[in-house]
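Listed below, chain by chain, are the residues.
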Amino acid sequence: MYSAAAASPPRRDFISVTLSPEEAVGAGGYNNSKAWRRRSCWRKWKQLSRLQRSVILFLFAFLAVCGVISYTNMGEPWKSLTNKSLDDQRIEPEVPGLKLVNPAVLPAPQKADVNLGDYPELSPQKQPKVPHVRRGPPNLQIKPPRRDMRLKTQRDTSKVVEEPVQADKEEKTEKSVISWRGAVIEPDQSTEPPSAKIKEPEKTSSMEAEGQKEPVPINERQMAVIEAFRHAWKGYKDFAWGHDELKPLSKSYSEWFGLGLTLIDALDTMWILGLKEEFEEARKWVADNLVFDKNVDVNLFESTIRILGGLLSTYHLSGDSLFLEKAKDIGSRLMPAFNTPSKVPYSDVNIGRGTAHPPRWTSDSTVAEVTSIQLEFRELSRLTGDEKFQKAVDEVMKHVHTLSGKNDGLVPMFINTNSGQFTHLGVYTLGARADSYYEYLLKQWIQGGKKENELLEDYVRAIEGVKKHLLQRSQPKKLTFVGELAHGHFSAKMDHLVCFLPGTLALGAHNGLTADHMKLAEALIETCYQMYVQVETGLSPEIVHFNLHAQKGHKDVEIKPADRHNLLRPETVESLFYMYRFTGDKKYQDWGWEILQNFNKYTRVPTGGYTSINNVQNPSNPEPRDKMESFFLGETLKYMFLLFSDDIDLINLDKYVFNTEAHPLPIWMPA
């Protein structure tokens, strides 16, 4: 209820709206045109305070600056990624068998004439299942039997490591040439990718090649090696399983140490060839049956290079700690050999009783035997952290380094374990009893990272001694060969064992030694090949004598009846492998192929295995000896397989060094 005073006349408010003629067109109001919206937004903007308008302008300016910065940072990577994708699309059609991210089918082998149907389990594209996965040795990349997984890991790391390696290479090429007591040593080439040494003109750079590299399929010749290995292995498995050596003709076996020499020697060969089933069978035997606590005498040198070397190599390739444990066991049991007055080891050790002794007929050891166990014992110390192994063998090398009785670096064949002095002075050879001394001088230097200058000094001086005293040329083909020197008289006798030298010389040249080492290697490997070609069966005898004077109807090579046997030795094939790996010259593969065919023709036993022969000059009856040496599987067929491979990363020679039984051990890289 209101009072009377509140009853006043009502107040009315009015709003005046003026419409322009344009706005009155049509419906006479808002028409949602662009002009109308612009004026509406502008009115709203004008209604904002000055502070509000300033804040909005600042935000827009800030976002614009951020956009410019982001485009600058992301533009180049995005552009390179786009270009790389386009490049991949361009490359794909040009490279046969290029592996796609999700391929519909497996890539076909490079050679259409390889009949993989004959070996279905050896299809090179199949990745074997790696059993017994264990942690590998420190600072070492464990490699599977096939190469595709290895290449995958290399791609992941190549971008990180390639640039520092390339920079280091460029820095080293500027260093001055080293003069080493009269021998010129060229700048270190160890960081140069091996691919640069093999003739592959389509590869423009090592970095590009690393990024594009695909697995190298197994070729027809490698398949032939695998077939030969399986045939030899069949004979061993059927008639000599767990014993030292196969006697293929009598379908039985012979024992030397009673430690399964052939099986242990062949372990890393099976791994490299990708024979996983055979490898697993052998591994099971090692785990269940290989026992070193036996009352048996073993030769220090042979058991070191075959058993210790084979176990260490297989450990590095497979990463299986079983083999390292066995290696530590046998290594420790061989140590009593060094308990001599001079620290020059005895030749024989009883691994069960822990005693050692020289041969019954002498107190001497051969120089090769006491100076060719170093790679293995040094590596055992590195893996176990126990310095006693390396200390023992290093003392031997330091002692031999200081001895008198050398002839321009050449050493006699024997050394006394009591006095520590050379004996039978005046006789110098690169054959039996001295050969691997020279080989291990270079390889220890490489193994240790090229730091032990005494080893290099002795090696270089010895090669100069070979040139001065032992090199001659034969007639009529003027083949360069290495003879022997006995009390100042030269003998044109050359063991097949000396054919290790071309490969060793090539390895030294690859690691920076003077280029004339490679020239000498090329001349000597031709000679070693002629030791096969000039013989009726195409197989080399154990020893040859060269003609120094031209005689009508005579070849360069003469063979005496006592020397015409062939033991399936690896030395020539070994050097062919090095020569092909460092030069890329296909003729070395062809020469090796000829040798393999002749092994198959004259030494293969139908029921399994291969046999050494007594007479390489009689193709109709080579007189089989009924014995397959363990090194045929451990060395000869392994080097054959590697020779026929074009995969330079299959046992990369800048990462591994082979012991004298063809067991690869890692080169010690700086931490």
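Computed from a prediction, not measured in an experiment: that's the story for all the values here.

In this section: the packing of aromatic side chains. Evaluation of the coordinates by the stated rule reveals 22 aromatic pairs. Aromatic pair Tyr236 and Trp241: ring centres 6.1 Å apart, planes at 55°, arrangement tilted. For Trp241, a relative accessible area of 30% corresponds to the partly exposed category. With a centroid separation of 5.4 Å and 55° between ring planes, the pair formed by Tyr639 and Phe658 is classed as tilted. Note that Tyr639 is positioned in helix α19 (residues 630-643) and Phe658 in strand β19 (residues 656-658), a separation of 19 residues in sequence. Phe658 gets classed as buried once you look at its relative accessible area, which sits at 0%. Here a set of aromatic residues connected by ring pairs shows up, and it is made of Phe577, Tyr578, Phe582, Tyr639 and Phe658.

In the numbering adopted here, UniProt assigns the feature "active site" (unreviewed entry) to Glu302, Asp435, Glu542 and Glu571. Of the residues annotated just before, the second largest pocket has Glu302, Asp435 and Glu571 among its lining. Counting through the fold element by element, Glu542 comes out in the loop between α16 (516-533) and β17 (543-546). Residue contacts for Glu542: discarding those within four places in its chain leaves Asp495, His496, Asp563, His565, Leu567 and Arg569. Tracing the sequence through the fold places Glu571 in helix α17 (residues 571-583). Look at Glu571 and you get buried, because its relative accessible area is 9%. With residues near it in sequence (within four places) discarded, Glu571 still touches His496, Leu497, Cys499 and Phe500. A polar contact is formed between the side chain of Glu571 and the side chain of His496, at a distance of 3.2 Å.

Another aspect to go through is the pairing of β17. Residues in a regular strand point their side chains to alternate faces of the sheet. Here β17 shows a buried face lined by Ile543 and His545 and a second buried face lined by Val544 and Phe546. Here three bridges tie strand β16 (residues 493-495) to β17, and the two strands are oriented antiparallel to one another. Note on β17: the bridge partner recorded for Met494 is Val544. Pairing of β17 with strand β18 (residues 557-558), which is carried by two bridges, proceeds in the antiparallel orientation. In the sheet register, Phe546 faces β18, and the bridge partner there is Val557.

Here the focus is the sheet that holds strand β6 (residues 348-350). If you walk across this open sheet you meet the three strands as β5-β6-β7, and the pairing is antiparallel. Here the strands that pair on one side only, and so sit at the sheet edges, are β5 (297-299) and β7 (355-357). Each strand axis lies, on average, 30° off the axis of its neighbour in the sheet, ignoring direction. Relative to β6, β5 is paired through three bridges, and the arrangement is antiparallel. The partner of Val298 across the bridge, within β6, is Val349.

Okay, the packing of helix α8 (residues 300-318) against helix α9 (residues 321-334) next. The angle between the axes and the distance between the axes are what describe a pair of packed helices. Between α8 and α9, whose axes approach to 8 Å, the crossing angle comes to 155°. One element, α8, and the other, α9, form an angle in the roughly antiparallel class. Note that α8 runs across α9; the crossing there is left-handed. For the pair α8 and α9, the contacting residues are Leu300, Ser303, Thr304, Ile307, Leu308, Leu311, Leu312, Thr314, Tyr315 and Ser318 in the first and Ser321, Phe323, Leu324, Lys326, Ala327, Ile330 and Leu334 in the second. Looking at side-chain class alone, the contact of α8 with α9 contains eleven nonpolar, five polar and one charged residues.

Applying the stated criterion to the full structure yields one disulfide. One disulfide in the model links Cys499 with Cys528; its S-S distance is 2.1 Å. Around the S-S axis, the bridge from Cys499 to Cys528 shows a dihedral of about -105° and counts as left-handed. A residue pair is termed long-range when its members are at least 10 positions apart, and Cys499 in the loop between β16 and α15 (501-510) and Cys528 in helix α16 qualify at 29 residues.

Taking 1.5 Å per residue as the helical rise, α19 with its 14 residues ought to reach 20 Å, and the 20 Å between its terminal C-alpha atoms agrees with that figure. Where burial is concerned, most of α19 is hidden: 14 out of the 14 residues are buried.

Topologically, Asn350 is positioned in strand β6. Those residues in contact with Asn350, other than ones at most four positions away along the chain, are Lys294, Asn295, Val296, Asp297 and Thr355.

Let us look at the layout of surface pockets. When its volume is computed, the second largest pocket comes out at roughly 870 Å³. Considering the residues around the second largest pocket, the lining is formed by 32 residues, among which Phe301, Glu302, Arg306, Glu369 and Arg569 are closest to the centre. Taken together, the elements giving at least two residues each to the lining of the second largest pocket come down to β5, α8, α10 (367-370), α13 (435-447), α17 and α19. The element that contributes the greatest number of residues to the lining of the second largest pocket is α8, accounting for four residues. Split into classes, the residues belonging to the lining of the second largest pocket amount to twelve nonpolar, four polar and 16 charged.

For the rest of this paragraph, the subject is the packing of α17 against helix α18 (residues 587-602). Closest axis-to-axis distance for the α17/α18 pair is 9 Å, and the angle between their directions is 155°. As judged from the angle between their axes, α17 and α18 are roughly antiparallel. Seen along the crossing, α17 lies across α18 with a hand that is left-handed. Residue-level inspection shows Thr572, Val573, Leu576, Met579, Tyr580 and Thr583 of α17 in contact with α18, the latter providing Tyr588, Gln589, Trp591, Gly592 and Ile595. Per-class residue counts for the contact of α17 with α18 are seven nonpolar, four polar and no charged.

So, how was this worked out
- Residues numbered from 1 in each chain as written.
- Predicted model: local features only at pLDDT ≥ 70, side-chain atom pairs only at ≥ 80, totals over all residues.
- Heavy atoms only, no water.
- Phe/Tyr/Trp six-rings, centres within 6.5 Å; stacked < 30°, edge-to-face > 60°.
- Buried < 20%, exposed > 50% of the residue type's maximum accessible area, 1.4 Å probe, protein only.
- Helix = DSSP H or I, 4+ residues; strand = E, 2+ residues; numbered from the N terminus.
- UniProt positions renumbered as here; feature names shortened; annotations may be inferred.
- 1 Å grid on protein atoms, 1.4 Å probe; cavity = no way out; pocket = protein on both sides within 12 Å on 5 of 7 lines; lining within 4 Å.
- Contact = heavy atoms within 4.5 Å.
- Polar contact = N/O pair within 3.5 Å; in protein donor to acceptor, adjacent residues only side chain to side chain.
- Pairing = 2+ DSSP bridges.
- Axes fitted to C-alpha atoms, helices over the stretch in contact; angles between N-to-C directions.
- Parallel < 35°, antiparallel > 145°, perpendicular 65-115°, else oblique.
- Left-handed = near helix turned anticlockwise from the far one by under 90°.
- Nonpolar A, V, L, I, M, F, W, Y, C, P; charged D, E, K, R; others polar.
- Disulfide = S-S within 2.5 Å.
- Expected span 1.5 Å × (residues − 1).
- Points joined across faces, edges and corners; volume = space filled by probe spheres on them.

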